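Each chain, letter by letter, is given below.
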Amino acid sequence: MIKRIPIEDLELGMYVVGLDTPWIRTPFLIHKFLIKSVKQIDKLRDHVVKWVDIDTSKGKDHKNALPVEASSEE
């Protein structure tokens, strides 16, 4: 399931599948990735990312995250 969380709630083990910032404005070459280090989270914060979409079927879930509606995923 795809859920949206604020960047402050991003944790190790979560699988990112979307950002509120265009990918071209970030240092990440791969658009979907598992958070393996705090350094990755810091890079996202440094590039003014305010929220991310995570895929809970591929990584850690967040208890307060809200599901992203199918119409807004694309």
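Residues numbered from 1 in each chain as written. Predicted model: local features only at pLDDT ≥ 70, side-chain atom pairs only at ≥ 80, totals over all residues. Heavy atoms only, no water.

### A look at the pattern of salt bridges
- The tally for this structure, following the rule as stated, stands at four salt bridges.
- Ionic pairing is found between Arg4 and Asp53, a salt bridge with its closest N-O pair at 2.8 Å. Placement of Arg4 in strand E1 (residues 2-6) and of Asp53 in strand E4 (residues 51-55) is noted, with a sequence separation of 49 residues between them.
- On the basis of relative accessible area, Arg4 is assigned to the partly exposed category, the value being 32%.
- Classification of Asp53 by relative accessible area gives buried; the value is 9%.
- In this structure, Arg45 and Asp42 form a salt bridge, with 3.6 Å as the shortest nitrogen-oxygen distance. (Salt bridge = Lys/Arg side-chain N within 4 Å of Asp/Glu carboxyl O. Helix = DSSP H or I, 4+ residues; strand = E, 2+ residues; numbered from the N terminus. Buried < 20%, exposed > 50% of the residue type's maximum accessible area, 1.4 Å probe, protein only.)

### Structural notes on unusual backbone geometry
- A positive phi angle is found at Val48, which is not glycine, with a value near 60 degrees.
- Mapped onto the secondary structure, Val48 falls in the loop between helix H1 (38-46) and E4.
- Note on Val48: relative accessible area 55%, which makes it exposed.

### Brief notes about the confidence of the model for the protein chain
- Mean pLDDT over the protein chain works out to 87, with 93% of the residues at or above the 70 mark.
- Within the protein chain, strand E3 (residues 33-34) carries the highest mean pLDDT (96), whereas helix H2 (residues 70-73) carries the lowest (46). (pLDDT = per-residue confidence, 0-100.)

### A word on the packing of aromatic side chains
- Under the criterion given, the structure shown has two aromatic pairs.
- In this structure, Arg4 packs its charged tip against the face of Trp51, placed 3.8 Å from the ring centre. (Phe/Tyr/Trp six-rings, centres within 6.5 Å; stacked < 30°, edge-to-face > 60°. Lys NZ or Arg CZ within 6 Å of the ring centre and 35° of its normal.)

### Topic: the side chain of Lys3
- Tracing the sequence through the fold places Lys3 in strand E1.
- A polar contact of 3.1 Å, which involves the side chain of Lys3, links it to the side chain of Asp61.
- Non-local contacts of Lys3, meaning those with residues more than four positions away in its chain, are made with Val52, Asp53, Ile54, Thr56, Asp61, His62, Ala65, Leu66, Pro67 and Val68. (Polar contact = N/O pair within 3.5 Å; in protein donor to acceptor, adjacent residues only side chain to side chain. Contact = heavy atoms within 4.5 Å.)

### As for H1
- Residues of H1 that are buried: Gln40, Ile41 and Leu44. Taken around the axis of H1, the buried residues stretch over an arc of 100 degrees, which confines them to a single face. With respect to the buried face of H1, the exposed residues turned more than 90 degrees away are Lys39 and Asp46.
- Buried positions along H1 lie against strand E2 (15-19) and E3. (Arc of directions from axis to C-beta.)

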